[in-house]
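Here's the letter readout for the chains.
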Amino acid sequence: MVEHARKALIAGNWKMNLDHLQAIALVQKLAWTLKDRNFQSTTVEVAVFPPFTDLRSVQTLIAADKLDIGLGAQDLSRHDSGAHTGEVSGAFLSALACDYVLVGHSERRADHGETDEVCLAKVQAALRHKLTPVLCVGETAEDLEKVGAAAVPVSQLTTVLEGISADDEIVVAYEPVWAIGSGTPATAEQAEEVCSTLRDTIRNVHGDEAAERTRILYGGSVKSSNIAGLMRGANVDGALVGGASLDAEEFAAIAQFEKHVTVD
Ligand code: PEP
């Protein structure tokens, strides 16, 4: 088993799936499954990122049953309040006891034209409200062909790092866009190489302490059958899981990557 320098984070991005009743059922099943499997949260943290309309229900369940499951939102407004119809403030997410918020998921960058500058403003908004932003970065298939794997994610991360301070806590999720929802993850070597370059980027901008402290996740077609191999990378501190996080058994098995015999 690989010794990890940072506590691993296995984060489930539900995307636009499950209403609040289905959300309660999934979190209950996830909690039972983790308990049945004797999951230890000392070295691995599990968090779910349901749609906005589910957050209150999931928060209530987590609090009532004292579940060891973190809570995150999938987006937030760069503004704190006011005339921004349809937007959700970080203040409201904080009031719902959210721990995390995704920023700059490739689906938001593509569907809503979110630029690196918008992502920076959202990261700053999250930090203002004591939420830990999970900044998603990653290259498209076209970027990969033209400039290789690391150039785009490094540039996306650099813009954000330059607008925050070394003490600010963020999580970085390296998600090659071509791997998301495709069934074909990056290889463990590819994931480690880019995550290691992203850590060097943090080191260059904010120094050693921030580089060693910051968790860098891999995301893109993660399953229980490939997570152990991906987690062998010294710079891969967990996973952002999309489709597979909607299945309690599968997500719990991913969270227990430490027990897997590597099968990739
Ligand atoms: C994601 O949407 O962040 C993701 C990684 O999706 P999937 O695991 O389904 O590829």
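For the structure, see preceding data.
Attention now goes to the side chain of S89. Here S89 lies in the loop between β3 (70-73) and α3 (90-95). Within the local environment of S89, its side chain forms a polar contact with the backbone nitrogen of A91, the two atoms lying 2.9 Å apart.

Below, the discussion takes up the sheet that holds strand β2 (residues 44-49). As a general point, the strands of a sheet are linked pairwise by backbone hydrogen bonds and lie either parallel or antiparallel. One closed barrel holds the eight strands; their spatial order is β1-β2-β3-β4-β5-β6-β7-β8, and the pairing between them is parallel. This sheet shows a mean twist of 25° between the axes of neighbouring strands, independent of strand direction. In this sheet, strand β7 (residues 215-219) lies alongside strand β6 (residues 171-174) in parallel orientation, the contact comprising four bridges. Its bridge partner lying in β7, V171 is registered against R215. Relative to β3, helix α2 (residues 55-64) is tilted by about 170°, and along the sheet it contacts β2 and β3.

Within the element layout of this structure, E45 appears in strand β2. A sequence separation of 182 residues divides E45 from I227, and the C-alpha atoms of the two residues are 15 Å apart. If near-sequence neighbours (up to four positions away) are discounted, E45 is found in contact with K7, A8, L9, I10, Y100 and R215. Only 2.5 Å separates the side chain of E45 from the side chain of Y100, close enough to count as a polar contact.

For the ligand, the set of nearby residues contains 14 residues, the closest of which are K15, E175, G181, S221 and G242. One nitrogen or oxygen atom from the side chain of E175 is found 2.7 Å from an oxygen atom belonging to the ligand. Here S221 contributes a backbone N or O atom positioned 2.8 Å from an oxygen atom of the ligand. Look at the ligand: alone it shows 290 Å² of surface, and the protein chains cover 95% of it. Across the shell around the ligand, the residue classes tally to four nonpolar, eight polar and two charged.

Moving on, we come to unusual backbone geometry. Of note in this structure, N38 is not a glycine but carries a positive phi near 55°. Overall, N38 belongs to the partly exposed group, its relative accessible area being 49%.

With that out of the way, let us pick up the pattern of salt bridges. Tallying each qualifying case throughout the model produces 17 salt bridges. Ionic pairing is found between E212 and R6, a salt bridge with its closest N-O pair at 3.6 Å. Taken together, the residues span a long stretch of sequence, with E212 in helix α9 (residues 208-213) and R6 in the segment before β1 (8-13) at a distance of 206 residues. Three or more residues are tied together by salt bridges with common partners; here these are R6, R199, D200, R203, D208, E212 and D237.

This part covers the environment of L131. Relative to the helices and strands, L131 is located in the loop between α5 (116-128) and β5 (132-137). Residue classification places L131 among the buried positions, given a relative accessible area of 2%. It is 5.3 Å that separates the C-alpha atoms of L131 and Y100, two residues lying 31 residues apart in sequence. Other than its neighbours up to four places away in sequence, L131 contacts L76, G90, L93, S94, C98, D99, V101 and A126.

About the criteria used
Residues numbered from 1 in each chain as written. Predicted model: local features only at pLDDT ≥ 70, side-chain atom pairs only at ≥ 80, totals over all residues. Heavy atoms only, no water. Helix = DSSP H or I, 4+ residues; strand = E, 2+ residues; numbered from the N terminus. Polar contact = N/O pair within 3.5 Å; in protein donor to acceptor, adjacent residues only side chain to side chain. Pairing = 2+ DSSP bridges. Axes fitted to C-alpha atoms, helices over the stretch in contact; angles between N-to-C directions. Contact = heavy atoms within 4.5 Å. Near = heavy atom within 4 Å. Areas by Shrake-Rupley, 256 points an atom, 1.4 Å probe, with all protein chains shown as cover. Nonpolar A, V, L, I, M, F, W, Y, C, P; charged D, E, K, R; others polar. Buried < 20%, exposed > 50% of the residue type's maximum accessible area, 1.4 Å probe, protein only. Salt bridge = Lys/Arg side-chain N within 4 Å of Asp/Glu carboxyl O.

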